[in-house]
Amino acid sequence: MADQEDEDYLMALRMSMQHEPPEPKRSKPRENAVPVGSSEESQEVKTRRLQRELMADAAEKRMMAAKSAAAAADAGSASKVGMSVVGAKEEKSGGAGAEGLKGVDDCKGKNVNLGEELSPAEASQLFSMVFGCEVTKDVLAQWSNQGIRFSPDAETSMGLVQHEGGPCGVLAAIQAFVLKYLLFVPEELNKVSPNMPQNLGYRRLPERKCVSSDNFASLTEDRKSRALVRSMCEILFLCGSNRRAVIATLSILDCDIEGSEDSLKDEIIARALEGLSIESGSDLQKILRVNTYTTHESVFQRLEAMIPVFRSRMGAMLFLISALLSRGLDSVQDDRDDPSQSLVTAPFGHASQEIVNLLLCGQAVANVFDGRMDLGGGMFVKGISTTVEVGFLTLLESLNFCKVGQNLKCPIWPIWVVGSESHYTVLFSLDTTVQDENELEGRETQIRRAFDAQDQSGGGGFISVDGFHQVLRETSINLPAEKLDHLCSTGFIVWSEFWQVLLDLDKSLGGLKDSTGLMGKKVFYLYHFNGIAKSVSNVSQGNSGGETPVQRPRLTKLKVSVPPRWTPEEFMADVAVSSGSGGNDSSGKDTVVEVAKPEPSQHAPLVDCIRTRWPRAICNWVGDPPSIV
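Note that this is a predicted model, so its numbers are computed, not measured.

**Student:** In this structure, what is going on with the nonpolar core? I would like to understand it.
**Tutor:** A general tendency of soluble globular proteins is for nonpolar side chains to be buried together. Core analysis: the biggest nonpolar cluster contains 108 residues, and Trp143, Leu250, Leu288, Phe319 and Phe428 have the highest contact counts within it. Examining the composition of this core, we find that 13 residues originate from one element, helix α5 (residues 168-183), more than from any other. If sequence neighbours within four positions are ignored, Leu288 has contacts with Glu116, Glu117, Leu118, Leu126, Ala248, Thr249, Leu250, Leu318 and Ile321. Ile447, Phe451, Trp499 and Leu503 belong to the second-largest nonpolar core, a separate cluster that totals 22 residues.

Now the structure itself:
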């Protein structure tokens, strides 16, 4: 073990004196390695380690001084790159504890520590938890070639770009929080010093109800960058139960790029990542470094400095690892119903629902219903335990494969990650009042919550006769005897049949039938963003030939009309109403009052998702239909 440590020390000194980036060390991980700083370290080992750190630090200072002198003598040459793959001790919040090997400047003129290595056992557990034991190179390539960066296209400049399938669940969750900050809490972006109280994620809506403009092209790069940093900070603390956040980076990204332009930073980091592949826990252990923080301010500053790293091709994977470590690997496994399965699903490498739920609510649960479901015999499965900042809708609910609970369906902000069979996108509104319930919507929510509380089928939409009578008592529904007998005749009650009875049951009896036909009607606008670059029409002003297809992310504006709380058939059929005795004209004929028909609905799979949130919604848009794949 001592020989191995001496070898590490000599390697550190050699690399610290190099002017060109060295190749990362590829030695095998040490067996039975004792974590740095643990109580199991002998005094001799601790002394040797401290000596090495001090000597390497001194060598690095000599190297930095020599580089500064050379730069001054070279006509003010400002760009310099130094690389080190030597890990540092974990940087504690508030600067407590001994400093380990210092990294180079963090692009703002401040030296930062790279952090601690994971133990071989921790790295192996992390890799197998994420990718499993039989992951393909194609899946690994998807996850190691996706940065977190905004679209260069003006119309979709507020959106994060995705290159291919795989990490879309991570990007969509971050995107949802970014929109929260850009649209609804922009005042947080203007603060020089972060002011993020522990309960920031659970405050109520601000006074402003509607964003005045959808001109996303006007967003500055600084505003978008700060929104991204705030979003990542909030997610990591959410995963860390508002007590801590862990940030992961790579040892080979210790770059001195002070004063460099963003494009040069990206180029330097891309060069450092050339040839890098992570195919096992051993590979991860060699290059992954982590730091733990306990204050929002320290996390904000660290993330702000690391934005060029998260823009790199390893960005999405590093953020997922940061979220998992913030939660704690053992806690992640405790959250899950089946810890034996990988979080990245085979064979196509999609982000699992557990990953999305971790980023949205801080727990890696596999289900989307509210609370937890008791399966009997002391067994239960876990869902979403609390209201969330941004929500989730899924096409699978419209296909009756699951039931999204109210916690995800009705988030604090009108922003939803949208899941299909193979992709995640984002739906949002500029108006917070789309979440407000009118009288009949509130009544429907009350009845549905009571029904779901008795549903032990995992969201299948049926309950027992005893459970049904409990629902009727809780919601004060007075069903006629013949309707009650009909619903209970099979021994269980299906929601869809119960719903039709409620639509036909007068409001005075606890139902939803409204003789005026006006209650429940609303019209609003939603926006759908798909980060995968697709071919879209581009009308060029200088091109008389018309439209030119271009590749870019998709943003679609939808007009959503929710008709009155009747069945669609009733609403469409009732196009004329005869007036009473006071409605005759001079000729003695009845006056016919036309009832406005809704616009014909356009259809796409996204509409089915929207209808899980607003039943009977009629959606219209201009141009190509929105895509959720």
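**Student:** Looking at this structure, how should I read the packing of aromatic side chains?
**Tutor:** Aromatic rings in a pair are described by how distant their centres are and how their planes are angled relative to each other. Under the definition given, this model contains 15 aromatic pairs. Each ring, one from Phe524 and one from Trp614, has its centre 4.9 Å from the other, and the planes form 50°; the classification is tilted. You can see Phe524 sitting in strand β12 (residues 522-539) and its partner Trp614 sitting in the loop between α20 (605-613) and β16 (618-620), a full 90 residues away along the chain. Of the residues examined, Phe524 reaches a relative accessible area of 7% and is grouped as buried. Given a relative accessible area of 1%, Trp614 falls into the buried group.

**Student:** Any chance you could explain unusual backbone geometry here in plain terms?
**Tutor:** Glycine aside, residues mostly have negative phi angles, and peptide bonds mostly take the trans form. Note that the residue after Ala346, namely Pro347, is joined by a cis bond; omega there is 0°. For Pro347, the position within the fold is in the loop between β3 (344-345) and β4 (350-351). Here the phi dihedral of Asn242 falls at roughly 60°; this positive angle occurs in a residue that is not glycine. Among the structural elements, Asn242 can be located in the loop between α6 (221-239) and β1 (245-250). With phi around 70°, Arg616 is a residue other than glycine that occupies positive phi space.

**Student:** Quick question: what am I supposed to make of the pattern of salt bridges here?
**Tutor:** Two side chains of opposite charge can pair, provided their charged atoms sit close to one another. Taken as a whole, this structure holds 16 salt bridges when the rule is applied. Ionic pairing is found between Glu304 and Arg226, a salt bridge with its closest N-O pair at 3.5 Å. Of the two residues, Glu304 sits in helix α9 (residues 296-311) while Arg226 sits in helix α6, which places them 78 residues apart along the sequence. In this structure, Arg448 and Asp452 form a salt bridge, with 3.0 Å as the shortest nitrogen-oxygen distance. With a gap of four residues between them, Arg448 and Asp452 both fall in helix α15 (residues 439-454), about one helical turn apart. Assessed through its relative accessible area of 26%, Asp452 is described here as partly exposed. Among the charged side chains, a salt-bridge network with shared partners connects Arg149, Asp266 and Arg311.

About the thresholds
- Residues numbered from 1 in each chain as written.
- Predicted model: local features only at pLDDT ≥ 70, side-chain atom pairs only at ≥ 80, totals over all residues.
- Heavy atoms only, no water.
- Core = buried A, V, L, I, M, F, W, Y, C linked by side-chain atoms within 4.5 Å.
- Buried < 20%, exposed > 50% of the residue type's maximum accessible area, 1.4 Å probe, protein only.
- Helix = DSSP H or I, 4+ residues; strand = E, 2+ residues; numbered from the N terminus.
- Contact = heavy atoms within 4.5 Å.
- Phe/Tyr/Trp six-rings, centres within 6.5 Å; stacked < 30°, edge-to-face > 60°.
- Salt bridge = Lys/Arg side-chain N within 4 Å of Asp/Glu carboxyl O.

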